[in-house]
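Chain by chain, the residues:
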Amino acid sequence: MNDATPPYVPAVLDPNRKVVVAIDGPAASGKSSTAQWVAEKLAFRHVDSGALYRAITAARLRAGGQSDEWSEPSVLAVARQVSLRPTERGFIPLIKGESAEGEIRGGEVTREVSRVARMQAVREWVNSEVRRVAEGHDVVVDGRDIGTVVFPDAQLKIFLVADPWERAKRRLVQRLSRRPTDAEIAEETERLVQRDARDATQTVQARDAVLIDTTYLTQSEQVERIVALARGVTSRRGATSPVDGEAGSR
Ligand code: DC
């Protein structure tokens, strides 16, 4: 747990207000997969805000030019090619109406995305897109600034952290599907620490977030913790369940 001032939580929440679970944390802390799993268990929708920054970066890469000369207006212009398609449990980002999952998770996008995510006008575009798709639904949203900027009044805020070595190891196991060597983990740790530094200004723990260090937790343990906290919120929402689309005071 952290030393944040506990938020004022009323005993019974407004039954018409949709629940937002905000999950923030650094790269490879397991935010997106955890958020997806939590959303599934709660029957909430999942919104991966990082995927939008990635899709905009991929669209800008397609447009060409030296990345260190990308202007903010040129990035904002291609952001309009990006949209979110609703799926049963969340959203997939599309570029010009088509899925580009492999492209947005690739090395080139991963290298350039921090540059795009630092542009204020781009952040505003992403934030309004995330708020728009979340409206009228119970959601689990993951990113870097969800609990501080995008949904500062989210009923549950989680900040996930893990030791960089452990994060690097998990990432490699996922990527290589085998046990990585210590040298490989050391190299990946170095890359992650550099990414953390590039994303540091955006990655902010809200004062009322629950800090969960996942270094010694399995993914299912972290999911269970968050689900239990979220059930604490939904149980205070009151007996009446709002009809989708009618509610939405945020
Ligand atoms: O979580 P990720 O690796 O998919 O995020 C991609 C990039 O987007 C990374 O540079 C951090 C940035 N990001 C951000 O600045 N704010 C968010 N809410 C989500 C992601």
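Worth saying up front: this structure is predicted, and the values here are computed from it rather than measured.

Engineer: So what exactly am I meant to see when it comes to the nonpolar core here?
Structural biologist: Buried together is how nonpolar side chains tend to be arranged in soluble globular proteins. Core analysis: the biggest nonpolar cluster contains 38 residues, and Ile56, Val122 and Phe151 have the highest contact counts within it. The element best represented in this core is helix H2 (residues 49–63), accounting for seven residues. Shared between two domains, this core takes at least three residues from each, and those domains are domain 1 (1–8 + 17–44 + 139–236) and domain 2 (48–137). In contact with Val122, other than residues within four places in its own chain, are Tyr53, Ile56, Glu72, Val75, Leu76 and Val116. Within the second largest apolar cluster, 21 residues are counted, among which are Ala39, Val223, Ala230 and Val233.

Engineer: Looking at this model, I keep getting lost on the domain arrangement of the chain. Mind explaining?
Structural biologist: Frequently, the measure chosen for interface size is the accessible area that the parts lose on association. Assigned domains of the chain: these are domain 1 (1–8 + 17–44 + 139–236) and domain 2 (48–137). Look at where the C-alpha atoms of domain 1 and domain 2 centre, and you get two points 20 Å apart. With 20 residues of domain 1 at the interface, the matching set in domain 2 holds 17 residues. Overall, the association of domain 1 and domain 2 removes approximately 1,500 Å² of surface from exposure, summing both partners, and the carbon and sulfur fraction of that is 48%. In this structure, the connection of domain 1 to domain 2 is made through one salt bridge. Of the charged contacts in the structure, one is a salt bridge between Arg123 and Asp145, with a shortest N-O distance of 2.8 Å. Applying the counting rule to domain 1 against domain 2 returns seven residue pairs in polar contact (both at pLDDT 80 or more). Listed by contribution, the elements that provide at least two residues to the side of domain 1 that touches domain 2 are helix H1 (31–42), strand S6 (139–143), helix H7 (146–150) and helix H9 (182–199).

Engineer: Looking at this structure, how should I read the pairing of S6?
Structural biologist: The side chains of a regular strand alternate, residue by residue, between the two faces of the sheet. With respect to burial, S6 is a largely interior element, five of its five residues being buried. The alternating pattern of S6 places Val139, Val141 and Gly143 on one face and Val140 and Asp142 on the opposite face, and all of these are buried. As judged from the five bridges shared by strand S1 (residues 20–24) and S6, these two strands associate in the parallel manner. The residue of S6 that forms the bridge with Val21 is Val140. In terms of strand pairing, strand S2 (residues 45–48) meets S6 through four bridges, oriented parallel. Paired with His46 across the strands is Val140, a residue of S6.

Engineer: Looking at this structure, I do not really get the pattern of salt bridges. What am I missing?
Structural biologist: Following the criterion strictly, the structure yields 18 salt bridges and no others. Linked by salt bridges that have partners in common, Arg175, Glu187, Glu188 and Arg191 make up one network.

Engineer: Explain the packing of helix H5 (residues 107–117) against H9 here, please?
Structural biologist: Between two packed helices, the angle of one axis relative to the other and the distance separating the axes together describe the packing. Axis separation between H5 and H9 bottoms out at 9 Å; the angle between their running directions is 25°. Relative to H9, H5 is oriented roughly parallel. With respect to the hand of their crossing, H5 and H9 are arranged in left-handed fashion. Counted together, Thr110, Arg111 and Ser114 of H5 and Arg195, Arg198 and Asp199 of H9 form the full contact between these two elements. Of the residues in the contact of H5 with H9, the class split is no nonpolar, two polar and four charged.

Engineer: Help me understand the sheet that holds S1, please; the structure alone is not making it clear to me.
Structural biologist: Hydrogen bonds between backbone groups are what pair the strands of a sheet, and the pairing can be parallel or antiparallel. Read from one edge to the other, the open sheet built from five strands follows the order S2-S6-S1-S7-S8, with strand pairing classed as parallel. The outermost strands of the open sheet, each flanked by one partner alone, are S2 and strand S8 (210–213). Along the sheet, successive strands turn relative to each other by an average axial angle of 20°, direction set aside. Its contacts with the sheet put H2 on S2 and S6, and the angle it makes with S2 is roughly 40°. Across the face of the sheet, helix H10 (residues 219–235) comes into contact with S1, strand S7 (156–161) and S8 while running at roughly 165° to S7.

Engineer: I tried to follow the sheet that holds strand S4 (residues 91–95) on my own but got confused; where do I start?
Structural biologist: The three strands lie next to each other as S3-S4-S5, forming an open sheet whose pairing is antiparallel. Each edge of the open sheet is held by one strand with a lone partner, namely strand S3 (82–86) and strand S5 (98–99). As judged from the two bridges shared by S4 and S5, these two strands associate in the antiparallel manner. Bridge pairing in S5 links Leu94 to Ser99. Here H2 sits on the sheet and contacts S3 and S4; the angle it forms with S4, its principal contact strand, is near 15°.

The rules behind each value
- Residues numbered from 1 in each chain as written.
- Predicted model: local features only at pLDDT ≥ 70, side-chain atom pairs only at ≥ 80, totals over all residues.
- Heavy atoms only, no water.
- Core = buried A, V, L, I, M, F, W, Y, C linked by side-chain atoms within 4.5 Å.
- Buried < 20%, exposed > 50% of the residue type's maximum accessible area, 1.4 Å probe, protein only.
- Helix = DSSP H or I, 4+ residues; strand = E, 2+ residues; numbered from the N terminus.
- Domains from an automatic or database assignment.
- Contact = heavy atoms within 4.5 Å.
- Buried area = accessible area lost by both parts, 1.4 Å probe.
- Salt bridge = Lys/Arg side-chain N within 4 Å of Asp/Glu carboxyl O.
- Polar contact = N/O pair within 3.5 Å; in protein donor to acceptor, adjacent residues only side chain to side chain.
- Pairing = 2+ DSSP bridges.
- Axes fitted to C-alpha atoms, helices over the stretch in contact; angles between N-to-C directions.
- Parallel < 35°, antiparallel > 145°, perpendicular 65-115°, else oblique.
- Left-handed = near helix turned anticlockwise from the far one by under 90°.
- Nonpolar A, V, L, I, M, F, W, Y, C, P; charged D, E, K, R; others polar.

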